[in-house]
Amino acid sequence: MIVPLWVAAPALVASAALGWGLDRALRWRLEGAGAWAIRVAVGLGIVVAAIVHPLAAIALGVALAVAGRWIAPQEEEVEPARGALVVLASATVVIALRPPAPLYWDELVWLAKVRMGALALRESALDPAGDVIPRAYPIAGSLSEILLAAGRDDVGSGVAGAAALLLLALALALAAIPQERRVAWALGLALVPLAWVHARSAYLDLPVGLLAVAIAAGLARGSRASVIAAAIAAFFVAGCKDEGVVHALALAGAHVALAGERRRAALRAGALVAACALVPAITWRVLLAAHGVHAEDHALEGAGLADAGAILGELARATWDVRSWGLAWPLALGAVIATRARGVGAAWLAQLSALVLALLAGGDRLAAFALDGSLVNRFWMQLAPLAALVVVSALDQRGSSTSNTALGIHS
Amino acid sequence: MRDADCPATTETLLVDGANGVCRDVRLDAPSGHAGHALALVIVAAAVAWWMSTARVSARVGRVVLVSIAVLAATPGAYALLALRADRPSERAASTRASMALHDRVRAFAERHGCARVELEGCDACMPSARLALAGLRCDAPARVELRAGALDAECEERSGALVCGRAR
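Cut-off values and rules
- Residues numbered from 1 in each chain as written.
- Chains lettered and ligands numbered in written order.
- Predicted model: local features only at pLDDT ≥ 70, side-chain atom pairs only at ≥ 80, totals over all residues.
- Heavy atoms only, no water.
- Helix = DSSP H or I, 4+ residues; strand = E, 2+ residues; numbered from the N terminus.
- Rg over C-alpha atoms; globule rule 2.2 N^0.38 Å.
- Buried < 20%, exposed > 50% of the residue type's maximum accessible area, 1.4 Å probe, protein only.
- Contact = heavy atoms within 4.5 Å.
- Areas by Shrake-Rupley, 256 points an atom, 1.4 Å probe, with all protein chains shown as cover.
- Lys, Arg positive; Asp, Glu negative; His and termini not counted.
- Charge placed at Lys NZ, Arg CZ, Asp CG, Glu CD.
- Disulfide = S-S within 2.5 Å.
- Salt bridge = Lys/Arg side-chain N within 4 Å of Asp/Glu carboxyl O.
- Patch = residues over 30% accessible without salt bridge, like charges linked within 9 Å, V, L, I, M, F, W, Y side chains within 5 Å.
- Axes fitted to C-alpha atoms, helices over the stretch in contact; angles between N-to-C directions.
- Parallel < 35°, antiparallel > 145°, perpendicular 65-115°, else oblique.
- Left-handed = near helix turned anticlockwise from the far one by under 90°.
- Pairing = 2+ DSSP bridges.
- 1 Å grid on protein atoms, 1.4 Å probe; cavity = no way out; pocket = protein on both sides within 12 Å on 5 of 7 lines; lining within 4 Å.
- Points joined across faces, edges and corners; volume = space filled by probe spheres on them.
- Nonpolar A, V, L, I, M, F, W, Y, C, P; charged D, E, K, R; others polar.

Draft legend 1. Looking closely at the overall build of chain A. A tally of regular secondary structure across chain A gives 20 helices and 0 strands. Taking 411 residues into account, the globule formula puts the C-alpha radius of gyration at 22 Å, and chain A, at 20 Å, falls close to it. When its C-alpha atoms are laid out on the principal axes, chain A stretches across 70 × 55 × 45 Å. When each of the 411 residues of chain A is scored for burial, the buried share is 62%. Sequence separation of at least 24 residues holds for 80% of the intrachain contacts in chain A that already meet a minimum separation of 6. Surface summary for chain A: the accessible area is close to 15,000 Å², and the carbon and sulfur share equals 64%. Between the mean site of the 30 positive side-chain charges and the mean site of the 28 negative ones, chain A shows a separation of 9 Å.

Shown next as structure tokens:
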């Protein structure tokens, strides 16, 4: 038995066509294999935004149009795509080779939303008496999965839709990561045992983490293609989970704060990413408020502050869950220290800090989940992909500085 | 770390399967303290020193770190491959078992147009029930009663309702 990923083909082709049309109309002139990942994401994102609210689609379109004007094209050679394609193909095999049915609690909950269908989900999510659990969560992720499942209501197609969304997030991350680090990054992530569980599930924590990589790496590269990848990743990350907007704003803020001489370019790119994250976040909150739906799980109540010590203790304890993480967290933190928190290390620290603050600022239920151990590893899963890039980047820098020293080159 | 702490049944897999490779963080929660953070910082500092030192070449440094990372991943890999109920040799059977209740409830609900569920001692049945009933709408939902033990999908139809699990 395998996951029927082919059901996602019509949506992927249609999204690619829409994204290609936008690329031509807005004169982005995207090139290379990564360009197709960006086009698919843009096409899918526009449709999802339109379902949430037509104004959201217009706002997203405006932001992406501005990206084409603000971010000048750079003279870059089209990178070889072999490494990215090998990673994507390998991930597809791993993800597909399993029975197409959910096994873990939240998977069943997420797939129930997919089964409702796009319009019924939207209607029910905005109905105070609607039967949607969990209540008031953003629906862009579920809408994406519905479209990728071709609107079919069987469980296997829902699993395929969720898997396709994960693979799209991976493709965006690969499009943003420098070519020479893609395979090493993927191998590093593969050394995290819990990542294998999440990769073969419909949980959104790993896709959120991959989208965060697309944002951080895309902003760091600064080319038009990579900033557009970062921007559309920001739309999806904020549209999938409430904390997604925290990821996006933290990464954009870190990019701007540490820009140095390239402050103006960084401000433009950071503003684009922030705008694309705020479009779904604000739209959804306004719609909820207008329909009288109260967000309980992620209300900003500061309930975690009273138990801050215990919650932080649980987060720290989880980093020593060796069977889930290996030594990922000491390695990641060590890499940040070794590179003096520069580059992606700084981005990761910003991501971590912002998420911790968001956790402490949340409601009673969030604090309870953190203290009973059911949330902490999923918290870290959202940080794991960028942490893997931090380690790979640090090892790369060590190698190149040694070479430079040997060649008499000093920065 | 005990092998018995890994989710070896369909029910423990459902509840904790994605919260960790095994139930290490769940079973001892909350017991985190400053010592865990301090240990993290100390080991991270050692890693940072190893990444920065000029005493070994970059290549040797990289090989050592990757080897340590691979070794550290081994206990988790073993749990995934040999201990959990979703290990490769058992995944198909676990999936069939986990979907049994869903399939039974879905078939019943589709025959009646839709259904509503009453959880009577089987909180773990909630996600399966929600997935089974999602997307179905009708004016007169049939009744599904899920009692303790309903995950085993031992069900019978009584007076137009589907009753699963053990009698009280």
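On we go from here.
Draft legend 2. Layout of the state of the cysteines. By the definition in use, this model includes 4 disulfides over all chains. With a sulfur-sulfur separation of 2.0 Å, Cys-6 of chain B is cross-linked through a disulfide to Cys-22 of chain B. Every disulfide takes its handedness from the sign of the S-S torsion; for Cys-6 of chain B and Cys-22 of chain B that torsion is 75°, giving right-handed. On the criterion of sequence distance, the pair formed by Cys-6 of chain B in the segment before helix H1 (10-16) and Cys-22 of chain B in the loop between H1 and helix H2 (24-27) is long-range, its members being 16 residues apart. Of the residues examined, Cys-6 of chain B reaches a relative accessible area of 4% and is grouped as buried. Given a relative accessible area of 2%, Cys-22 of chain B falls into the buried group. Between the sulfur atoms of Cys-114 of chain B and its disulfide mate Cys-138 of chain B the distance is 1.8 Å. Residues Cys-114 of chain B and Cys-138 of chain B are joined through a disulfide that is left-handed, its torsion about the S-S bond being -75°. Of this pair, Cys-114 of chain B sits in the loop between helix H5 (91-111) and strand S1 (115-120) while Cys-138 of chain B sits in the loop between helix H6 (126-133) and strand S2 (142-147), placing them 24 residues apart in sequence. By relative accessible area, which is 4% here, Cys-114 of chain B ends up buried. Sequence-ordered numbering of the bonded cysteines in chain B yields a pairing of 1-2, 3-6, 4-5, 7-8. Residue Cys-240 of chain A stays outside any disulfide, its sulfur separated by 14 Å from that of Cys-276 of chain A, the closest cysteine.

Draft legend 3. Expanded view of the pattern of salt bridges. Residues and elements named next belong to chain A. According to the stated counting rule, one finds 22 salt bridges over all chains in the structure shown. Two residues, Asp-23 and Arg-39, come together in a salt bridge whose shortest N-O distance is 2.9 Å. With Asp-23 in helix H1 (residues 9-26) and Arg-39 in helix H2 (residues 33-52), this pair connects stretches of sequence that are 16 residues apart. Neither residue differs from the other here; Asp-23 and Arg-39 are each classed as buried. Put simply, Asp-154 and Arg-152 hold a salt bridge, and the shortest N to O gap is 3.6 Å. Given a relative accessible area of 32%, Asp-154 falls into the partly exposed group.

Draft legend 4. View of a nonpolar patch on the surface. Taken together, Ile-2, Trp-6, Val-93 and Leu-97 of chain A make up a surface patch of nonpolar side chains, about 420 Å² in accessible area. By the element assignment, Ile-2 of chain A lies in the segment before H1.

Draft legend 5. A look at the packing of helix H15 (residues 308-318) of chain A against helix H19 (residues 364-371) of chain A. All names here are of chain A. At a closest axis distance of 9 Å, the pairing of H15 and H19 adopts a crossing angle of 45°. With respect to each other, H15 and H19 are oriented oblique. Seen along the crossing, H15 lies across H19 with a hand that is left-handed. Here Ala-310, Ile-311 and Glu-314 of H15 come into contact with H19, specifically with Ala-367, Ala-370 and Leu-371.

Draft legend 6. Representation of the sheet that holds S2 of chain B. All names here are of chain B. Read from one edge to the other, the open sheet built from 4 strands follows the order S1-S2-S4-S3, with strand pairing classed as mixed. The sheet is open, and its two borders are formed by S1 and strand S3 (155-158), each paired with just one other strand. Across the sheet, the axes of successive neighbouring strands diverge by a mean angle of 20°, strand direction being ignored. Two elements, S2 and strand S4 (residues 161-164), share 3 bridges in a ladder whose sense is parallel. Bridge pairing in S4 links Leu-146 to Cys-164. Against the sheet, H6 makes contact with S1 and S2, and its axis sits at roughly 175° relative to S1, the strand it touches most.

Draft legend 7. Examining empty space enclosed by the protein more closely. Residues and elements named next belong to chain A. Going through the model one piece at a time under the given rule, you end up with 5 cavities of 30 Å³ or more. Lining the largest cavity are Ala-49, Val-52, Ala-56, Pro-138, Ile-139, Ala-140, Phe-235, Gly-239, Val-279, Pro-280, Thr-283 and Trp-284. At the level of elements, H2, helix H12 (224-240) and helix H14 (263-291) are the ones that each hand at least two residues to the lining of the largest cavity. Among the elements that line the lining of the largest cavity, the one with the most residues is H14, at 4 residues. Split by residue class, the lining of the largest cavity holds 10 nonpolar, 2 polar and no charged.

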